[in-house]
Amino acid sequence: MITMNTNYTLSWDWDPSSSESRAVSFTTQYVARYRLFKKKAPPWTTACEKTSRRSCDLTQLSLYFLGMYVLRVQANVNGHVSDWGQKEFCPDQDAALGPPTKVDLSPAGSDLDIFISDPLTSTNTSMRENHPELYYHVLYWECRGDSQASRTLTLSSGSNIVTLPDLKAWTWYCVSVQTCYDFYNKKSSFTAPRCMQTEGATPWWQVVGYFLVSLVLCFLLMLLSLYGSLWCYKTLKATWFPSVQLPTLFQYLWDSSRSDIPRLLTPDSDSELLCDKVTVCPEPPVLEIYSPPSEALLAPPSGLEPDSRHSRQDSGGSGDSGVYSTGGSSSLMQPNRVSGQGPFDPEQVKMQDMAPGLKAPPVNADEGIVDMCV
């Protein structure tokens, strides 16, 4: 029988030389032992029927832990069966006891607390239900870095929480636990060693070191916070309140919300940028019109008869001729006119020289001669 807590497996041996091993099959049955002492034939229950394996799992049969059973196995080779092989089985007495399911360590000052989980049955219940007097055997020792063997100490307890006393502070210890049941002298295997360091009073130099480290970290954190706040303030101020203001015209274009007024384009604007060549011209000078003296106007030009003079009067008053007339006057007014010809030609203002880009109409020589009638 291969057993562990409430897990049971019946296994047997078979000599392959006695028959063809491929053709053999096995049947396993069981019955409660007390039924064999009755007059009636006992009702055998089949656990595994005609299987080629050399084992049969009895865990799912939920055998009563304190009961006694009789198990039997029969071989079948091509219709020829063998005799039954029998074996008595009592789970309480014959089933092996398993180690604790879990072992955890926790420091308690200079001591260690051990938290032990009970071994479990096949239905995930505690084995204490079947073995109420179950207890634990604790094995612990000091863990050293050198190869020197340390002294091993033992401790037994029926509780699931065990405290290891009289340990050295700031020292590593290893622990291994075994499950025991004295009625049938059952003992499990030891668990894998678990190690942990004990604690103790903190030295003064460690306290001072922790304080200095925390002080430096707080200072760096505050410095970083102040630097970040200052940087954010400068960035926001330079963005929304720049020290160099835009010209008035650009501010007007920037702040204007009307759609018919052009706006400034931002660098990341997706609008189409249209450019054209612009020529900036200087402001044209003010033209000064020279008015010759009246004697020059009264003297007829050479080669021109007095009778050939003619009068020219513009109904709307032309500014180009420089002649204005008023009704009811019997004498000539002081005219303001420009003669295209005459004895004062060197002093005449030439429009072409003053503004080469402007086109002036041709000047009539007769516009400087006016004949007024009363």
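Look up a bit, the structure's there.
Residues numbered from 1 in each chain as written. Predicted model: local features only at pLDDT ≥ 70, side-chain atom pairs only at ≥ 80, totals over all residues. Heavy atoms only, no water.

K.L.:
Looking at this structure, I do not really get unusual backbone geometry. What am I missing?
P.N.:
Peptide bonds are trans in most cases, and residues, glycine excluded, mostly fall at negative phi. Located in the positive-phi region is Asp166, a residue other than glycine, with phi close to 55 degrees. Within the secondary structure, Asp166 is located in the loop between strand S13 (161-164) and strand S14 (172-181). Positive phi, close to 55 degrees, is recorded for Trp170, a residue that is not glycine. (Helix = DSSP H or I, 4+ residues; strand = E, 2+ residues; numbered from the N terminus.)

K.L.:
Mind showing me how you'd approach the packing of aromatic side chains here?
P.N.:
When we look at a pair of aromatic rings, we describe it by the centre distance and by the angle of the planes. Applying the stated criterion across every chain, the model contains 6 aromatic pairs. Taking 6.4 Å as the distance between ring centres and 40 degrees as the angle between the ring planes, the aromatic pair formed by Tyr181 and Phe183 counts as tilted. For Tyr181, a relative accessible area of 9% translates into the label buried. Here Phe183 falls in the exposed class, since its relative accessible area comes to 59%. (Phe/Tyr/Trp six-rings, centres within 6.5 Å; stacked < 30°, edge-to-face > 60°. Buried < 20%, exposed > 50% of the residue type's maximum accessible area, 1.4 Å probe, protein only.)

K.L.:
Would you mind showing me how to read the sheet that holds strand S2 (residues 7-11) here?
P.N.:
Sheet strands line up and pair through hydrogen bonds in the backbone, either parallel or antiparallel. Ordered by their spatial adjacency, 3 strands build an open sheet running S1-S2-S5, and the pairing between neighbours is antiparallel. Either end of the sheet is taken by a strand with one partner, and the two such strands are strand S1 (2-4) and strand S5 (55-57). Here the average twist between neighbouring strands, direction ignored, is 15 degrees. In terms of strand pairing, S2 meets S5 through 3 bridges, oriented antiparallel. Bridged to Ser11 within S5 is Ser55. (Pairing = 2+ DSSP bridges. Axes fitted to C-alpha atoms, helices over the stretch in contact; angles between N-to-C directions.)

K.L.:
How should the state of the cysteines be read in this particular structure?
P.N.:
In protein chemistry, a disulfide is the covalent bond that joins the sulfur atoms of two cysteines. Taken as a whole, this structure holds 2 disulfides when the rule is applied. Across the disulfide from Cys48 sits Cys56; the S-S distance is 2.0 Å. One quick way to see it: the torsion about the S-S bond of Cys48 and Cys56 is about 85 degrees, and its sign makes the bridge right-handed. We note that Cys48, like Cys56, is buried. Note that Cys174 is cross-linked by a disulfide to Cys195, the S-S spacing being 1.9 Å. Taking the sign of the S-S torsion, about 95 degrees here, the bridge from Cys174 to Cys195 comes out right-handed. (Disulfide = S-S within 2.5 Å.)

K.L.:
Can you walk me through the pairing of S2 in this structure?
P.N.:
Strand residues, when the strand is regular, have side chains that alternate between the two faces of the sheet. The side-chain alternation of S2 yields one buried face, formed by Tyr8 and Leu10, and one unburied face, formed by Asn7, Thr9 and Ser11. Pairing of S1 with S2 involves 3 bridges; the strand directions are antiparallel. In the sheet register, Thr3 faces S2, and the bridge partner there is Tyr8. As consecutive antiparallel partners, S1 and S2 are separated by 2 residues, and within that stretch Asn5 has a phi angle of approximately 60 degrees, a positive value.

K.L.:
For this particular structure, what's the right way to read the pattern of salt bridges?
P.N.:
Two side chains with opposite charge may pair up if their charged atoms get near one another. Going through the model one piece at a time under the given rule, you end up with 5 salt bridges. Asp104 serves as the salt-bridge partner of Lys102, at 3.8 Å between the closest nitrogen and oxygen. Judged by relative accessible area, which is 27%, Asp104 ranks as partly exposed. Put simply, Lys102, Asp104 and Arg194 are held in one network by salt bridges that share partners. (Salt bridge = Lys/Arg side-chain N within 4 Å of Asp/Glu carboxyl O.)

K.L.:
So what exactly am I meant to see when it comes to the side chain of Thr171 here?
P.N.:
With respect to the helices and strands, Thr171 occurs in the loop between S13 and S14. Take Thr171: its relative accessible area is 11%, and that puts it in the buried class. Every residue in contact with Thr171, bar those within four places of it in the chain, is listed here: Glu142, Met196, Gln197 and Thr198. (Contact = heavy atoms within 4.5 Å.)

K.L.:
What am I meant to see in the sheet that holds S13 here?
P.N.:
The strand order across the open sheet formed by 3 strands is S9-S10-S13, and the pairing between neighbours is antiparallel. With one partner strand each, in any of the chains shown, strand S9 (102-108) and S13 form the two edges of the open sheet. Averaged over all neighbouring strand pairs, the angle between strand axes comes to 25 degrees, with direction disregarded.

K.L.:
Honestly, a nonpolar patch on the surface in this entry has me stumped. Any pointers?
P.N.:
A cluster of nonpolar residues, Trp204, Trp205, Val208, Phe211, Leu212 and Leu215, forms a patch on the protein surface that exposes about 720 Å² of accessible area. By the secondary structure assignment, Trp205 is in helix H2 (residues 204-240). (Patch = residues over 30% accessible without salt bridge, like charges linked within 9 Å, V, L, I, M, F, W, Y side chains within 5 Å. Areas by Shrake-Rupley, 256 points an atom, 1.4 Å probe, with all protein chains shown as cover.)

K.L.:
Just to check I follow, could you spell out the pairing of strand S3 (residues 24-32) for this structure?
P.N.:
Taking burial as the measure, the 9 residues of S3 include 9 buried ones, the bulk of the element. Here S3 shows no split at all, with Val24, Phe26, Thr28, Tyr30 and Ala32 on one side and Ser25, Thr27, Gln29 and Val31 on the other all buried. When S3 meets strand S6 (residues 69-77), the two strands line up antiparallel, connected through 9 bridges. Considered in S6, the bridge of Gln29 is made with Arg72.

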